[in-house]
Amino acid sequence: MKTIEQTTSEILNLAATYFHIPREQLSPEDDFFTKLGINSLQALELLTRLEQHFQIELPDYEFQGVSDFRTLAERVHSRL
Amino acid sequence: MKSFKGQTLSWELTGGVIELALHREPCNEIGSATLEELEGFAAALESLAGEVSVAILYSTLKPGFSAGADLRELYRRSQQVSGSERVAGVRSFLERIHRVFNTIDGSAATTIAAVHGITFGGGFELALACDLIIADKSARFCFPELRLGLIPGFGGIPRLKRDLGNAVVRDLLLTGRSMNAAKAQAVGLVSQIAGEGQALTVARSTAAQIKKFDRITSATAKRFIKPIPHEELRLEIEIFCDLFSRPAVEAGLRKFVESSGPMPYLP
């Protein structure tokens, strides 16, 4: 079973790869909308990538109140 | 006329296959301009019925197939008129959309929606009017209308119920969540999954297969297995218009239109 730290790390790797941002520039506390420079349409692309990677379903209302990677990781982790 | 190049969409008939490309920036929002050009397409689909075996609908825009109704236009027009005129305007729009979607739904040609990315609201409903949905891995399907105090008004509920049954409709409608392509295939909504950017390619090879069959037989089989739920579609329009008159809807539309944050497409 993954730890939350592993889940967070995988999310950061995925975001860095998909949005072409150097991995070292991302940290768990970052606001992913601001750091990745994305809008809600692109957030849905990220959601699809997360679902494919973790083999889960993550309803988009789980983004409510979430803007940093760490909290997003908690939402993903709860579905593993 | 066997081809058309418009502001919001273009289509061309070649070798028994008519391909409709949606291309209204940013994400094929369906407003009055798109409706008018879709009406032209629907008329062509009927007049060319003897020559068309397959119709493929797809989008050339990166974000997706279609984000649904043009909410900005809807809000703007609703602010220009009062109460009963507002509802009358919406009813008129819905009746026109339903005529187009019913034509696509009941077309003698086999229709394929080749979708990717955002396939929301009215865009989802356009795909549901087609016989087959081929989705690339990026596709997401959603009925976001409850977020605005509305229900889907372009025929989505009766069509999705026809195809999948009540439970999936309840899930999508009552949560307003989006569903990815893999899950959509698992529940029977999507017939084939394509690699990213490949939905049109897969749709074309499917069309090549479908074209081999006698057109009359295909059309007859389709009429037999795919009844159009006319009564429920009419009821949907009534319910939509009834809800549209509520202040909560105007507030929901205003919030969407005035939003400058990154969240408008998220619940």
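Everything numeric in this text was worked out from a predicted model, so none of it was measured.

Each value, and the rule that gives it
- Numbering of residues starts from 1 in each chain and follows the order in which that chain's sequence is written.
- As a convention, the first chain written is A and the first ligand written is 1, with the rest following in written order.
- Local features in this predicted model are restricted to residues whose pLDDT is 70 or higher, and side-chain atom pairs enter the listing and the counts only when it is 80 or higher, whereas totals over whole chains, interfaces and linings include all residues.
- Elements are defined by DSSP. Helices are runs of H or I of four residues or more, strands are runs of E of two residues or more, and each kind is numbered from the N terminus.
- For the radius of gyration, the atoms used are the C-alpha atoms, and the globule rule reads 2.2 Å times the number of residues raised to 0.38.
- The exposure scheme places C-beta atoms from the backbone and then counts, for each residue, the other C-beta atoms within 10 Å of its own, assigning buried at 20 or more, exposed at 12 or fewer, and partly exposed in between.
- Placing C-beta atoms from the backbone, we regard two residues as in contact once those atoms come within 7 Å.
- To define a nonpolar core, we join buried Ala, Val, Leu, Ile, Met, Phe, Trp, Tyr and Cys residues through C-beta atoms within 7 Å and take the resulting set.
- Lines are fitted to the C-alpha atoms to define the axes, a helix being fitted only along its stretch in contact, and any angle between axes, read from their N-to-C directions, falls within 0 to 180 degrees.
- Note on angle classes: values under 35 degrees are labelled roughly parallel, values over 145 roughly antiparallel, values of 65 to 115 roughly perpendicular, and the remainder oblique.
- Note on convention: near helix rotated counterclockwise from far helix by under a right angle means a left-handed crossing. Clockwise means right-handed.
- Under the scheme applied here, ten amino acids are nonpolar (Ala, Val, Leu, Ile, Met, Phe, Trp, Tyr, Cys and Pro), four are charged (Asp, Glu, Lys and Arg), and all others, including Gly, are polar.
- Only strands that DSSP links by at least two bridges are regarded as paired with each other.
- Think of it like this: strands point away, you trace from the first strand over the helix to the second, and a clockwise trace means the crossover is right-handed.

Draft legend 1. A look at the overall build of chain B. Scanning chain B from N- to C-terminus turns up eleven helices and ten strands. Relative to the 2.2 N^0.38 estimate, which gives 18 Å for 267 residues, the radius of gyration of chain B is 18 Å and therefore close to what a compact globule would have. Within chain B, the fraction of its 267 residues that count as buried is 45%. Across chain B, every contact between residues at least 6 apart in sequence was considered, and the portion connecting residues at least 24 apart equals 76%.

Draft legend 2. Spatial organisation of the nonpolar core. Residue and element names in this part refer to chain B. Counting residues in hydrophobic clusters, the biggest one holds 88 residues, and the most contacted among them are Ile56, Ala114 and Ala135. With seven residues, helix 3 (residues 83-105) is the single largest residue contributor to this core. In this structure alanine 114 touches Ile56, Leu57, Tyr58, Ile134, Ala199, Leu200 and Ala203, once residues within four positions along its chain are discounted.

Draft legend 3. Looking closely at the packing of helix 2 (residues 71-80) of chain B against helix 11 (residues 247-258) of chain B. Residues and elements named next belong to chain B. At a minimum axis separation of 10 Å, helix 2 and helix 11 run at an interaxial angle of 125°. Taken together, the axes of helix 2 and helix 11 lie oblique to each other. Crossing angle aside, the handedness with which helix 2 passes helix 11 is left-handed. On helix 11, the residues that touch Leu71, Arg72, Leu74, Tyr75 and Ser78 of helix 2 are Glu250, Leu253, Arg254, Phe256 and Val257.

Draft legend 4. Quick look at the interface of chain A and chain B. Between chain A and chain B, the residue contacts involve 16 residues of the former and 15 residues of the latter. With seven residues, the top contributor of residues to the side of chain A that touches chain B is helix 3 (residues 40-54) of chain A. Each residue belonging to the side of chain A that touches chain B can be placed in one class, and the counts come to eight nonpolar, four polar and four charged.

Draft legend 5. Broad picture of the pairing of strand 3 (residues 17-22) of chain B. Residues and elements named next belong to chain B. In terms of burial, strand 3 is a largely internal element, five of the six residues being buried. What sits between strand 2 (residues 9-14) and strand 3 in their antiparallel hairpin is a turn of two residues, with glycine 15 showing a positive phi close to 55°. In the classification by handedness, the crossover that spans strand 3, the intervening helix 1 (residues 32-47) and the parallel strand 4 (residues 54-59) is right-handed.

Draft legend 6. Geometry of the pairing of strand 5 (residues 110-115) of chain B. Residue and element names in this part refer to chain B. Here strand 5 lies mainly inside the structure; six of its six residues are buried. The alternating pattern of strand 5 places Thr110, Ile112 and Ala114 and Thr111, Ala113 and Val115 on opposite faces, both of which are buried. Pairing geometry for strand 4 and strand 5, over five bridges, is parallel. Counted as the bridge partner of tyrosine 58 is alanine 114 from strand 5.

Read these as spatial facts, not as claims about activity.
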